[in-house]
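Structural characterization, general
Residues per chain are reported as follows:
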Amino acid sequence: MSTPTQLDQLKQFTVVVADTGDFASMKQFAPRDATTNPSLILKAAAMPDYGWIIDQAIKDTGKTAPLDKVIDRLLVLFGLEILKIVPGRVSTEVDARLSFDRDGTLAKAREIISLYEQAGIARERILIKIASTWEGIKAAEQLQKEKINCNLTLLFSFPQAVACAESGIKLISPFVGRILDWYKKNTGKDYAPAEDPGVKSVTQIYGYYKKFGYATEVMGASFRNKGEITELAGCDLLTIAPPLLGELKASTEPLARKLDPAAKGAELKKVSFDEKSFRFALNEDAMATEKTAEGIRLFSADIVKLEQLLAQKRG
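Residues numbered from 1 in each chain as written. Predicted model: local features only at pLDDT ≥ 70, side-chain atom pairs only at ≥ 80, totals over all residues. Heavy atoms only, no water.

**Here's the deal with the overall build of the protein**
The test is simple: Secondary structure elements follow DSSP: runs of H or I no shorter than four residues count as helices, runs of E no shorter than two count as strands, and numbering proceeds from the N terminus. To get the radius of gyration, use the C-alpha atoms; to get the globule rule, take the number of residues to the power 0.38 and multiply by 2.2 Å. A simple rule labels every residue: compare its accessible area, found with a 1.4 Å probe on the protein chains alone, to the largest value its type can have, and call it buried under 20%, exposed over 50%, or partly exposed in between.
If you tally the helices and strands in the protein, you get 14 helices and eight strands. The C-alpha atoms of the protein give 19 Å as radius of gyration, which agrees with the globular expectation for 315 residues (20 Å, within 12%). A principal-axis box enclosing the C-alpha atoms of the protein has dimensions of 60 × 55 × 40 Å. Among the 315 residues that make up the protein, the fraction classed as buried is 58%.

As structure tokens, then:
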């Protein structure tokens, strides 16, 4: 009997999710779920193999449809192909330019779900990705009441995680690597995986959710190295890019469970946030403020590039 790889070992106590828009990678690593975002879709859309999806999105929506409708169609077509590969769920992102627009986010999420349902996909297989702004969290709270499951992304802080749990959100995606990026840049230090600020942030959130019985799933995201992943083994889900999935698959070193629902953070106290206290707590955290804003800018810029690509193709 062959020795299990670290990827096999990780799958025993964590749901592994593919962080990619590339179908070949998904087939190679057999994740349960997959996540996409505007940057990943832009990257995939530029590959010759996926030109047909762009052509299909343009054909389906017609020459005169607003570009945001073509984008919605493109994202859903990618999602439909992904759902042929993964047995679980796909995350599809709401336009990041709506991050401070609760009503706009609600309308866009409902449109995306409607497109999936028209294609015969049950809403249980879709997670709508929304930025972890106050407006995004409140939009997601309403969507959850409509049985539209949400994945709150661009999450960098404990207050964001608490507000999501209190709003009954299905899943959150704390960004491990981007937290590390900020601390390395601002301190000039390197961090061992166990001391990694991103790892510590997710560990705190996971412990808090388990201690106080929140059903919101924690999915660590945005990894910079394999050590961050092995330190979070046992997290509900981890979404991992293909190069790091490859490293896990190539190693047969033992992988121990680090996060366990039984080991609840004894020192953690129950907290709660209304809009004012949420905004102030986020403002007090320079890293979370900067990285949330930066993430929204980057995703918004890539949506604009996608629109330009589609406009050019449409002619």
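Past the structure itself, the notes keep going.
**Points about the nonpolar core**
Quick reminder of the rule: We call a set of buried Ala, Val, Leu, Ile, Met, Phe, Trp, Tyr and Cys residues a nonpolar core when their side-chain atoms join them within 4.5 Å. For this analysis, residues touch if any pair of their heavy atoms sits within 4.5 Å.
Ranked by internal contacts, the top residues of the largest apolar core, which has 101 residues, are Leu 10, Tyr 209 and Ile 240. A per-element tally of this core places helix α5 (residues 67-83) first, with 10 residues. In this structure, Tyr 209 is in contact with Ala 161, Val 162, Cys 164, Ala 165, Ile 172, Tyr 214, Thr 216 and Val 218, ignoring residues within four places of it in sequence. Counting five residues, the second-largest nonpolar core is a separate cluster that includes Val 17, Leu 171, Met 219 and Leu 237.

**As for the pattern of salt bridges**
The line we're drawing: Salt bridges, as used here, are contacts in which a Lys or Arg side-chain nitrogen is within 4 Å of a carboxyl oxygen on Asp or Glu.
On inspection of all chains with the given rule, the structure shows 26 salt bridges. The shortest N-O distance in the salt bridge between Arg 73 and Asp 60 comes to 2.9 Å. Pair noted here: Arg 73 is in helix α5 and Asp 60 is in helix α4 (residues 51-61), with a separation of 13 residues, a long-range link. For Asp 60, a relative accessible area of 36% translates into the label partly exposed. Taken together, the shared-partner salt bridges connect Arg 32, Asp 33, Arg 89, Lys 170 and Glu 217 into one network.

**A short note on unusual backbone geometry**
In the Ramachandran plot, Ala 30 falls in the positive-phi region, its phi being about 45° despite a non-glycine side chain. By the element assignment, Ala 30 lies in the loop between α2 (23-29) and β2 (33-35). Positive phi is not limited to glycine here, since Leu 154 has a value of about 50°. Tracing the chain through its elements places Leu 154 in strand β5 (residues 150-155). Judged by relative accessible area, which is 0%, Leu 154 ranks as buried.

**Re the packing of helix α9 (residues 176-187) against helix α14 (residues 286-314)**
Rule in force here: Interaxial angle, 0 to 180 degrees, is taken between N-to-C directions of lines fitted to C-alpha atoms, where a helix line uses only the stretch in contact. Here is the rule for angles: anything less than 35 degrees is roughly parallel, anything more than 145 is roughly antiparallel, 65 through 115 is roughly perpendicular, and the remaining ranges are oblique. Each crossing is labelled by how the near helix is turned from the far one, with a counterclockwise turn of less than a right angle marking it left-handed and a clockwise turn marking it right-handed.
Taken N-terminus to C-terminus, the directions of α9 and α14 make an angle of 120°; their axes are 10 Å apart at the nearest point. Considered as vectors, α9 and α14 are oriented oblique to each other. Seen from above, α9 lies across α14 with right-handed handedness. Residues Arg 178, Ile 179, Asp 181, Trp 182 and Tyr 183 of α9 form the contact with α14, whose own contacting residues are Ala 286, Met 287, Glu 290, Lys 291, Gly 295 and Phe 299.

**As for the state of the cysteines**
Heads up, the condition is: Cysteine sulfur atoms that pair up within 2.5 Å are treated as a disulfide.
Per the stated rule, a full pass over the model turns up zero disulfides. Distance from the sulfur of Cys 150, which forms no disulfide, to the nearest cysteine sulfur (Cys 164) is 9.6 Å. Given a relative accessible area of 0%, Cys 150 falls into the buried group. Counting only cysteine sulfurs, Cys 164 is the nearest neighbor of Cys 235, a cysteine outside any disulfide, at a range of 14 Å.

**Description of α14**
Formally: A helix is expected to span 1.5 Å multiplied by its residue count minus one. Polar contacts, as used here, are pairs of N or O atoms within 3.5 Å; protein pairs need one atom able to donate a hydrogen and one able to accept it. Residues neighboring in sequence count only if both atoms are side-chain atoms.
Between its terminal C-alpha atoms α14 stretches 42 Å, which fits the 42 Å expected from 29 residues at 1.5 Å a residue. The backbone nitrogen of Met 287 lies 3.2 Å from a side-chain oxygen of the residue at the head of α14, namely Asp 285. Downstream of α14 by one or two residues, Gly 315 has phi in the positive range, about 75°.

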